[in-house]
Amino acid sequence: MRLTRLRLLLPALLVAALAVALSSCGGGGDNTTGGEESAGIPSEFKAPTAAPDNAAEGGTLTVLNEGDIDYMDPGAAYYQVTYELTLATQRSLMGWPPDATQPEPDLADGQPQVSDDGKTITFKIRSGVKYSPPVDREVKSQDVKYAIERSLLSGVPNGYTRAYLADIEGFAQAEQQLKQDKTTAPEISGIETPDDQTLVINLTRSSSVPVIQALSLPVSAPVPEEYAKQYDAESPSTYGQYVTFTGPYMVQNDCDIKVDTADHTAEAQNSDCSGKLTGYKPGKEIELVRNPNWDGEATGDYRPAYLDAVTVQEGFADPTSASQKILTGDSQVSGDFPPSKTIVQEVATGNKYTPDQMVAVPSGGNRYIALNVTKPPFDDIDVRKAVIANSDRTALRNTRGGELFGPVATHFIPPLIPGFEEAGGIQGPDLDFVKNPDGDPAVAKKYMEKAGFKSGKCEGSDCDVTMVGDDAPPGFDTATVFKNQLEELGFSVDFQPVSHDIMYTKFCSVPAQEPNVCPNVGWIKDFNDPQSILQVPFSGDSINPSNNSNWPQLDDPAINKAISSAVTITDEKQRAEAWAKIDDQVTALAPAVPWVWDNDVLVRSEDVNGVANLFNGEWDLAYTSVSK
Amino acid sequence: MASLVFLTLLIIVAIAAPLVVDIFGAPGPNVEDQNALNSTFATATGPSSVHIFGVDGLGRDVFSRVIYGARVSLVVAFVATFFATILGVIAGLVAGYFRGWTDTIISRAVDVLLAIPYLMLAIGLAAACTFSTGSSGTSAGCFGGHIDLQTPILVIIGGLLVVAGVAWASMRHLDEWATGATGVGAILLMLGLVSIPVPSVKPGIGVVIFVIAVTSWTYIARIVRGQVLSLREKEFVESARASGAGHSRIIFREILPNLTAPIIVYASILVPQVILYEAALSYLGVGVVDQPSWGQMISDATGDFSTYWWYMLFPGLALLFTVLAFNLVGDAMQDALNPRAKKT
């Protein structure tokens, strides 16, 4: 998923923590082959991934956010900050306990059965899982089928089903059907429900790995068709205002849920209710309460759900003061913003706050500076190599913060994602132009000469380049530093600072308007598989006239071919190797300057027993507790 | 006297900034010295032997940025004050001398401008002039910058009107028609020039000067108008008129020389205001972006002032002393040139 300002990536700390998680998680398979020693997250900032034995039940936690979630509707939810809520309020087929490196069964009763040819996946659904009031009924396999089908509606703007689930049989026909009837969720024939407890997914090719991974995302959270249909008939769907929940928490609605703080149960006070959410005030506040119909023990939920309620407060525009409020306050945690590097230093040195009030989690994301390969001067691979070689990427990383904010990137697959080590790990591939993280002017000169610039500096009218980047730190600082680095090579840079949203929607994601340089782009995994890192940002097939995320506009036939065949590999080892090779190919074409695999840095109040979710890189609300 | 010495030094330092920075062995203002940052947290570090004023959060030398910042402050101060004074004097002369509807239009325009909170207006203008997203996507320039057809039309018509107005005034009389045509032409010309798309108008010092000049001429215009209203009734003007002098001769040869003292005084009072104005705009993020400026440095430092006092303190002191010096010099000018205005 695209990095938004709502979730800033900070990678280095986490890697070590993940290694721990790996050993404790048996079922997921060994997808990380190392990285802990290279990630460099000091042990005191490793995120706890389990609640302490004496974790207390009850209490209300306040999450401070800068911005709002994207969509309350689980079919459209995509931001990290939204996942923070869906992980605690929805049970999708597969889920992510805080320490998981591979999806584990949540609504599914055990790992799915995959046929030998990798084309049929069978899920068993747990019995007894009930929807929150006012739906109140038990979840059936048909509800998951409907949830996936409705995500194709234009009124449910899902960001990933078309990328990862298009291999389901009947997907193309469903898209056709949608053209005739835009407001009814189309039938996908490849999703079968032989009985209420069974869900069978038939694929056209052996892409079960990304499909199962994608079914760990909120799109597979069940949606009751008879209840949601009326809302889905509108475009955009209004189901987001009437969401029903299956997890331990729910957004307060007009059924007026009241939590008993003595025995930590909840009850609906109003039985004559529509399910309209009253606890979500966009841009201001989200009020979560216990879901009266959730019974974790009886339905095999791994979530302990200590808290009685969670309040998300939005609109904290200044991360520094918000961090200070959390660090000095009670029962608060940070949501979508990282603390500034100054705050990080103050916490880490223990001068003002306790160091354990801060943790770092590898986000599984990268940040890079995209060089537009479709027009001069960056259509010349030697010029691009020179730019990368000359770039002091440590200086770029330092604009966000020190090592805690992540290691300097040398390629694109981030630490802890399968394929990271195979692609060269922290050291990266053996390419002279990415080797030195502090930049190497001699190598840069060599490539400039190769590109025909005898002096080693760019000369001529093609050397006037345009750049559109963030107008606020830290993105603005990154752009400023990179501008200087380009000028060292003789380029003359016309830098237009704009807001982060505008940077994407008007410039960098619109190929027709794209400047030569987009310094503030980045990508975070959709799930723990290298496909979700490389496919959308570097496949020529994914270039769109708008909302484009292949920012360099790289369209290389060899890479496109390698991607489409790597998607169907089911063997873990072969899969990691294949994607690592694609990573090598991409890095060798020098379409972008990779400069950080970032860590998410999170802070908490002293009385919060914070547990971080390593998959999502946020606090896990279903595991975090408040000490009395 | 001390202020004069300080200002002279400041001007020399600003002009010879690269030399001064070299003498002190400091790196250039945009050099990001990674070794100067805290090695673990990449945060700013305080004064040291290499960086005598410390470095900011990107590793840039604060001393060198303060020195280079003086250039921005002084250039903006003098150029913007110059334009604001010219605009104000012309508007005041024309309004006061011709009275009637000319005066009404100009005076009401001044009233309207004064009624708009000047900082808000400046922020709006600066934001519009530095960047905007029109229907065509990329565009920069005032008024959306996508006035493609209008630009040449405005420039041509405006230019013709100015030429016609000046020609009319020099061949016939400097009357309402000449001043009206010149004024309207100048406005059209300005509109045309600022609406030229992308490369010509970029965020930065030019826009800041434009914005400050456009919002600062009003006080001078009022003062000059008031003076002219009384001067034009004086005997020497009467006699000039009786002996057949034209409007332009009366305005420029009879009235203007009598206004020299107040104009110099008010211009010198305007200078420190303009410096603060520029600092405020840069502080708010709509000012100078491509080179170091004191307001911008103070703005960068606000978030972390309690920890990194040095990169607010030094530009702050520079701003304080510069404004103070200009104020004292302005005061002295007033005493010297306009003794009657002396406080009783």
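Residues numbered from 1 in each chain as written. Chains lettered and ligands numbered in written order. Predicted model: local features only at pLDDT ≥ 70, side-chain atom pairs only at ≥ 80, totals over all residues.

### Digging into the overall build of chain A
In step 1: Helix and strand counts for chain A come out as 19 helices and 25 strands.
In step 2: The C-alpha radius of gyration computed for chain A amounts to 24 Å, which stays within 12% of the reference 25 Å derived for 628 residues, consistent with globular compactness.
In step 3: Over its C-alpha atoms, taken along the principal directions, chain A stretches across nearly 80 × 60 × 40 Å.
In step 4: Looking at chain A residue by residue over its 628 residues, the buried ones come to 60%. (Helix = DSSP H or I, 4+ residues; strand = E, 2+ residues; numbered from the N terminus. Rg over C-alpha atoms; globule rule 2.2 N^0.38 Å. Buried ≥ 20, exposed ≤ 12 C-beta atoms within 10 Å, placed from the backbone.)

### Quick notes on the overall build of chain B
In step 1: Helices and strands together make up the secondary structure of chain B, namely 13 helices and 2 strands.
In step 2: Per-residue burial over chain B gives 42% buried out of 344 residues.

### A word on the pairing of strand S7 (residues 198-202) of chain A
Residue and element names in this part refer to chain A.
In step 1: Taking every second residue as pointing to the same face, the buried face of S7 carries Leu199 and Ile201, while none of Thr198, Val200 and Asn202 on the other face is buried.
In step 2: The pairing of strand S5 (residues 120-124) with S7 spans 5 bridges and is classified as antiparallel. Paired with Lys124 across the strands is Thr198, a residue of S7.
In step 3: Judged from the 2 bridges that link them, strand S6 (residues 191-192) and S7 form a sheet pairing that is antiparallel. Paired with Ile191 across the two strands is Ile201, which belongs to S7. (Pairing = 2+ DSSP bridges.)

### Let's talk about the environment of Val310 of chain A
All names here are of chain A.
In step 1: Residue placement: Val310 occurs in strand S13 (residues 309-313).
In step 2: Here Val310 falls in the buried class, since 26 other C-beta atoms lie within 10 Å of it.
In step 3: Counting along the chain gives 312 residues from Val310 to Ala622, while the straight-line C-alpha distance between them is 9.9 Å.

### Quick notes on the domain arrangement of chain A
Accessible area lost upon the coming together of the parts is a frequently used measure of interface size.
All names here are of chain A.
In step 1: Per the domain assignment, the segments of chain A are domain 1 (68-310) and domain 2 (365-597).
In step 2: Between the C-alpha centres of domain 1 and domain 2 the distance comes to 35 Å.
In step 3: Taken together, the contact pairs 15 residues of domain 1 with 11 residues of domain 2.
In step 4: The biggest single contributor to the side of domain 1 that touches domain 2 is helix H7 (residues 208-214), with 5 residues.
In step 5: Of the residues belonging to the side of domain 1 that touches domain 2, the class tally is 6 nonpolar, 8 polar and 1 charged. (Domains from an automatic or database assignment. Contact = placed C-beta atoms within 7 Å. Nonpolar A, V, L, I, M, F, W, Y, C, P; charged D, E, K, R; others polar.)

### Concerning the interface of chain A and chain B
In step 1: Across the contact, 24 residues belong to chain A and 18 residues belong to chain B.
In step 2: Among the secondary structure elements, those contributing two or more residues to the side of chain A that touches chain B are helix H10 (341-348), helix H12 (393-398), helix H15 (475-488), strand S18 (492-498) and helix H16 (500-508) of chain A.
In step 3: Sorting elements by how many residues they give to the side of chain A that touches chain B places H10 of chain A first, with 6 residues.
In step 4: Its residues assigned to classes, the side of chain A that touches chain B shows 6 nonpolar, 12 polar and 6 charged.

### Describing the sheet that holds S7 of chain A
Residue and element names in this part refer to chain A.
In step 1: Across the sheet, which stays open at both edges, the 4 strands sit in the order S4-S5-S7-S6 with antiparallel pairing between neighbours. The open sheet has two free edges, formed respectively by strand S4 (113-114) and S6, since each of these has just one partner strand.
In step 2: Across the sheet, helix H4 (residues 141-150) is in contact with S6 and S7; its angle to S7 comes to roughly 40 degrees. (Axes fitted to C-alpha atoms, helices over the stretch in contact; angles between N-to-C directions.)

### Here's the deal with the confidence of the model for chain A
In step 1: On average, chain A scores 89 in pLDDT, and the residues at 70 or more come to 94%.
In step 2: Considering only residues more than four positions removed or in separate chains, one finds that residues 4-38 of chain A, a stretch of pLDDT under 50, has 130 contacts. (pLDDT = per-residue confidence, 0-100.)

### Structural notes on the environment of Gly428 of chain A
Residues and elements named next belong to chain A.
In step 1: Tracing the chain through its elements places Gly428 in the loop between H12 and helix H13 (432-435).
In step 2: Using a count of 20 C-beta atoms within 10 Å as the deciding quantity, one classes Gly428 as buried.
In step 3: Put simply, Gly428 and Asp571 are 143 residues apart on the chain and 24 Å apart in space, counted from C-alpha to C-alpha.
In step 4: Sequence-distant contacts of Gly428, that is, excluding residues within four places in its chain, are made with Thr410, His411 and Val434.

### Section: the confidence of the model for chain B
Residues and elements named next belong to chain B.
In step 1: Counting all residues, the mean pLDDT for chain B is 82, and 84% of those residues have values of 70 or more.
In step 2: Every residue in residues 132-140 is under pLDDT 50, and counting partners more than four places away or in other chains gives 30 contacts.
In step 3: Long-range and interchain partners of residues 143-147, a stretch whose pLDDT sits below 50, account for 18 contacts in this model, where long-range means more than four residues apart.
In step 4: Model confidence for the complex is summarised by a pTM of 0.81, with the ipTM given as 0.74.

### A look at the environment of Lys341 of chain A
In step 1: Structurally, Lys341 of chain A is set in helix H10.
In step 2: Residues Lys341 of chain A and Gln269 of chain A, spaced 72 residues apart in sequence, show a C-alpha to C-alpha distance of 46 Å.

### Focus: H4 of chain A
Residue and element names in this part refer to chain A.
In step 1: By the criterion of burial, H4 is predominantly enclosed, with 9 of the 10 residues buried.
In step 2: Where H4 is concerned, the buried positions are Ser141, Asp143, Val144, Lys145, Tyr146, Ala147, Ile148, Glu149 and Arg150.
In step 3: Contacts made by the buried residues of H4 are with helix H6 (171-180), S6, S7 and helix H8 (225-232).

### Thoughts on H10 of chain A
Residues and elements named next belong to chain A.
In step 1: Most of H10 is tucked away: 7 of the 8 residues are buried.
In step 2: Every buried residue belonging to H10 is among Lys341, Thr342, Ile343, Val344, Gln345, Glu346 and Val347, and all of these are buried.
In step 3: Those residues of H10 that are buried are in contact with helix H9 (319-328), strand S15 (358-362) and strand S21 (599-603).
In step 4: One or two positions beyond H10, positive phi appears at Gly350, with a value near 70 degrees.

### Some details on the packing of helix H18 (residues 557-566) of chain A against helix H19 (residues 572-588) of chain A
Residue and element names in this part refer to chain A.
In step 1: Between H18 and H19, whose axes approach to 10 Å, the crossing angle comes to 165 degrees. With respect to H19, the axis of H18 lies roughly antiparallel. Helix-helix and strand crossings are classified by hand; for H18 and H19 the assignment is left-handed. Counting all contacts with H18, which are made through Ala558, Ile559, Ala562, Ile563 and Ala566, the residues of H19 involved are Ala578, Trp579, Lys581, Ile582, Gln585 and Val586.
In step 2: Taken together, the residues of the contact of H18 with H19 break down into 9 nonpolar, 1 polar and 1 charged. (Parallel < 35°, antiparallel > 145°, perpendicular 65-115°, else oblique. Left-handed = near helix turned anticlockwise from the far one by under 90°.)

### Examining unusual backbone geometry
Residues and elements named next belong to chain A.
In step 1: With an omega dihedral of 5 degrees, the bond running from Pro133 to Pro134 counts as a cis peptide bond.
In step 2: Position of Pro134 relative to the elements: it lies in the loop between S5 and H4.
In step 3: One non-glycine residue, Ala305, adopts positive backbone phi at about 50 degrees.
In step 4: Tracing the sequence through the fold places Ala305 in the loop between strand S12 (285-290) and S13.
In step 5: Backbone geometry places Ser331, a non-glycine residue, at a positive phi of 50 degrees.
In step 6: Counting through the fold element by element, Ser331 comes out in the loop between H9 and strand S14 (332-334).

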